[in-house]
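Observations on chain architecture
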Amino acid sequence: MFKKILIANRGEIAVRVIRACHEMGIAAVVVYSDVDRAALHVRKADEAYPIGAPAAAESYLNIQKILDVAKKSSAEAIHPGYGFLSENPRFARACAAAGVKFIGPTAAAMEAMGSKTRARQAMERAGVPLVPGTSRGLQSIEEAEQVAAGIGYPVMLKAAAGGGGKGMRLVHVPDELRSSLEAARSEAERSFGDSEVYIEKAIVNPRHIEVQVLADEHGNIVYLGERECSLQRRHQKVLEEAPSPIVDPDMRRRMGEVAVRVAQAADYTNAGTVEFLVDQQKNFYFLEMNTRLQVEHPVTELTTGLDLVHLQIHIAAGEKLPFQQGDVFLRGHAIECRIYAEDPDNNYFPSPGRITLLLSPSGPGIRRDSGMYEGWTVPMDYDPLLAKLIGYGTDREQAIARLTRALNEYFVGGIKTNISLFRRILRDPEFRAARLDTGFLDRMLKQEEHRKSETRAVSPSESGAAEVAAIAAGMFAVLGPSAAGVGERVASNGSGGSDAQSVSKWRSSGRSEATQ
Ligand code: MV4
């Protein structure tokens with residue numbers, strides 16, 4: 001087993017990997033940019049090395065600087081986390097060349113999945129169900145017209161180098177095909193330096209469901225159930241849960257076996273995720289494979305009882321998987337909220353700044369993976385994910401109840417966060433009935449907007465409340481929480497009730513900031 005691992009990341013995921021290292025008796029080395037000198041991952045690591053300017057290209061994306069630190073610290077392996085260099089085959093190759101084990105799949109497996117057309121070709125050969133469409137780049141508008149007529153409108157144009165919705169165009173009628181193809185091509189060229197575009201039948205209001213797989217370096221592959229990831233906004237996931245409310249044991253087995261076949265076809269090793277689109281008849285189609293540990297891995301850990309980061313490290317050390325498919329049992333339900341430093345009242349614009357007060361939830365069925373602490377300044381240079389709050393229970397209702405309770409305990413002062421968005425999602429009747437698809441969140445937000453504009457005229461208190469909240473925030477900053485009785489508010493507010501009239505003025509102003 002490794003004695004020392006370098007973590008080439010920051011924020012909550014770097015902290016998550018440090019914890020696994022410490023549990024396994026492994027020393028954790030981290031790197032940090034100039035704005036991350038005081039970051040939580042630096043405080044928790046055994047060794048920390050500066051790697052330069054805040055811009056990711058100068059620091060967390062700089063392959064040479066990271067390998068220099070691996071050498072200087074004599075780390076034997078590198079965990080890339082998610083984002084940054086985690087899916088970069090050049091980095092995986094450079095690690096191998098430097099004699100440092102990359103904790104993840106091989107560069108070849110990453111490349112096989114990096115091009116969506118290449119992946120489709122390999123999956124076609126492996127008999128994996130695909131959305132009807134082409135598995136080669138379109139050569140001409142005539143070809144596009146022919147294929148689209150064959151599969152039927154609406155169709156989706158996608159960049160071969162894409163993912164995450166960039167270079168993607170939904171086309172409803174033949175008349176729009178030419179201009180959409182041109183737009184998709186130029187966006188693909190601009191974003192990826194590769195204008196290859198292919199075509200698929202568009203699945204209307206699909207669900208996004210993904211299957212976690214683990215593969216060791218001895219040919220053993222298992223699936224660890226699915227995650228329902230349909231709740232997203234602008235291709236950013238917001239809330240994920242496991243299991244998916246629409247997947248029954250038979251569908252789970254069929255999706256799992258397809259996911260294993262995908263991993264086999266790619267010669268995949270370590271932890272990976274196979275993404276599927278699921279239509280309204282519950283047909284599922286391979287979409288793409290993510291060749292990294294994902295943000296939402298905790299919901300799988302809670303429902304399987306497995307520690308994915310431990311397993312990643314064991315696999316990278318050359319060990320065999322310590323269990324087989326028949327040993328994997330799912331139990332309970334887990335839901336994850338991604339807590340971002342962003343302002344729900346200002347179009348979810350990033351909201352960096354100093355965290356002046358932090359009250360963090362815990363208690364039965366709550367897991368919190370966080371990269372923040374009170375007094376820390378959230379920099380504006382990176383993805384504003386602050387923490388993940390995960391609720392676990394024997395069933396979906398209990399997970400929702402515990403998560404709602406925990407969200408009501410959560411207070412982050414000094415910056416804006418999207419915590420209030422989750423309170424609204426969790427009480428939404430459609431969410432509670434699990435009627436989810438990739439359009440859910442936009443529909444919910446639009447409906448709220450509509451309701452707000454209807455009630456604005458008869459609700460003169462709104463602007464007043466904002467003023468009180470601003471004054472209260474100032475009081476917190478100057479006098480601290482005891483001046484406003486906030487500690488008492490939280491201590492006595494476990495029920496999360498919303499009887500605003502029964503609380504004192506100070507308590508309601510604190511609440512006003514907390515629930516904006
Ligand atoms: C689709 C689709 C409908 N039909 N493909 C969006 C990002 C990407 N990687 C694939 N995406 C989609 N591909 C076909 N043939 C709808 C989406 C899609 C989506 C997928 C997953 C999660 C959220 C989404 C939001 C909008 C559109």
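Structure shown above.
Okay, so let's go over this structure. All values reported here derive from a predicted model rather than from experimental measurement. (Residues numbered from 1 in each chain as written. Predicted model: local features only at pLDDT ≥ 70, side-chain atom pairs only at ≥ 80, totals over all residues. Heavy atoms only, no water.)

Description of the overall build of the protein
What counts here: Secondary structure elements are taken from DSSP: a helix is a run of H or I of four residues or more, a strand is a run of E of two residues or more, and numbering for both begins at the N terminus. Here's how the labels work: a residue is buried when its accessible area is under 20% of the maximum for its type, exposed when over 50%, partly exposed in between, all with a 1.4 Å probe on protein chains only. Any two residues whose heavy atoms approach within 4.5 Å at even a single point are treated as in contact. Accessible surface is estimated by sampling points in the Shrake-Rupley manner with a 1.4 Å probe; for residues, cover comes only from the protein chains shown.
Assigned secondary structure in the protein consists of 19 helices and 22 strands. Burial status across the protein gives 54% buried among its 516 residues. Considering only intrachain contacts with a sequence separation of at least 6, the fraction spanning at least 24 residues in the protein is 65%. Carbon and sulfur atoms provide 51% of the accessible area of the protein, an area that totals close to 22,000 Å².

Concerning the site of the ligand
Applicable threshold: We call a residue near a molecule or strand whenever a single non-hydrogen atom of that residue lies within 4 Å of it. Polar contact criterion, stated in full: a pair of N or O atoms within 3.5 Å, where within protein one must be able to donate a hydrogen and the other to accept it, and residues adjacent in sequence count only if both atoms are side-chain atoms. Three classes are used, and their members are as follows: Ala, Val, Leu, Ile, Met, Phe, Trp, Tyr, Cys and Pro are nonpolar, Asp, Glu, Lys and Arg are charged, and the others, Gly among them, are polar.
The ligand sits among 18 residues. The nearest are Lys 158, Glu 200, Lys 201, Ile 203 and Glu 288. Measuring from a nitrogen atom of the ligand, one finds a side-chain N or O atom of Glu 200 at 2.8 Å. If the ligand stood free it would expose 520 Å²; the protein chains cover 89% of that surface. For the shell around the ligand, the secondary-structure elements that each account for two or more residues are β6 (155–159), β8 (197–201) and β13 (284–290). Its residues assigned to classes, the shell around the ligand shows eight nonpolar, six polar and four charged.

Focus: the nonpolar core
For the record, the criterion: Only buried Ala, Val, Leu, Ile, Met, Phe, Trp, Tyr and Cys residues count toward a nonpolar core, and they belong to the same one when joined by side-chain atoms within 4.5 Å.
Counting residues in hydrophobic clusters, the biggest one holds 99 residues, and the most contacted among them are Ile 78, Leu 214, Ile 425 and Phe 431. Top contributing element to this core by residue count: helix α1 (residues 11–23), with seven residues. If sequence neighbours within four positions are ignored, Leu 214 has contacts with Asn 220, Ile 221, Val 222, Leu 224, Asn 270, Ala 271, Leu 308, Leu 311, Ile 315, Leu 321 and Phe 323. With 30 residues, the next largest nonpolar core counts Tyr 223, Val 247, Val 262 and Tyr 268 among its residues.

Describing the packing of helix α4 (residues 89–97) against helix α5 (residues 107–114)
To keep things clear, this is the line we draw: Lines are fitted to the C-alpha atoms to define the axes, a helix being fitted only along its stretch in contact, and any angle between axes, read from their N-to-C directions, falls within 0 to 180 degrees. The cut-offs work like this: below 35 degrees is roughly parallel, past 145 is roughly antiparallel, 65 to 115 is roughly perpendicular, and the gaps in between are oblique.
Where α4 contacts α5, the two axes come as close as 8 Å, and the packing angle between them is 170 degrees. Overall, the two elements α4 and α5 adopt an arrangement that is roughly antiparallel. In this structure, α4 contributes Pro 89, Ala 92 and Arg 93 to the contact, and α5 contributes Ala 107, Ala 108, Met 110 and Glu 111. Classifying every residue of the contact of α4 with α5 by side-chain character gives five nonpolar, no polar and two charged.

Regarding the pairing of β13
What counts here: Whether two strands pair comes down to DSSP finding at least two bridges between them.
For β13, a buried count of seven out of seven residues is recorded, marking the element as mostly surrounded by other parts of the structure. Across six bridges, the pairing between strand β12 (residues 270–278) and β13 is antiparallel. Each bridged residue has a counterpart across the sheet, and for Val 274 the counterpart in β13 is Met 289. Joining the antiparallel neighbours β12 and β13 is a turn of five residues, in which Lys 282 adopts a positive phi near 70 degrees.

A short note on the side chain of Glu 200
Note that Glu 200 resides in strand β8. For Glu 200, a relative accessible area of 2% puts it in the buried group. One polar contact links Glu 200 to Lys 158, side chain to side chain, over a distance of 3.0 Å. Aside from chain neighbours lying at most four places away, what touches Glu 200 is Arg 120, Val 131, Pro 132, Gly 133, Ile 151, Val 155, Met 156 and Lys 158.

Quick look at the environment of Arg 93
With respect to the helices, strands and loops of the structure, Arg 93 is situated in helix α4. For Arg 93, a relative accessible area of 44% corresponds to the partly exposed category. In the structure, Arg 93 is positioned 13 residues away from Thr 106 in sequence and 7.9 Å away in space, judged by C-alpha atoms. Ignoring any residue separated from it by four or fewer positions in sequence, one finds Arg 93 in contact with Ala 107, Ala 108 and Glu 111.

By themselves these figures say nothing about function.
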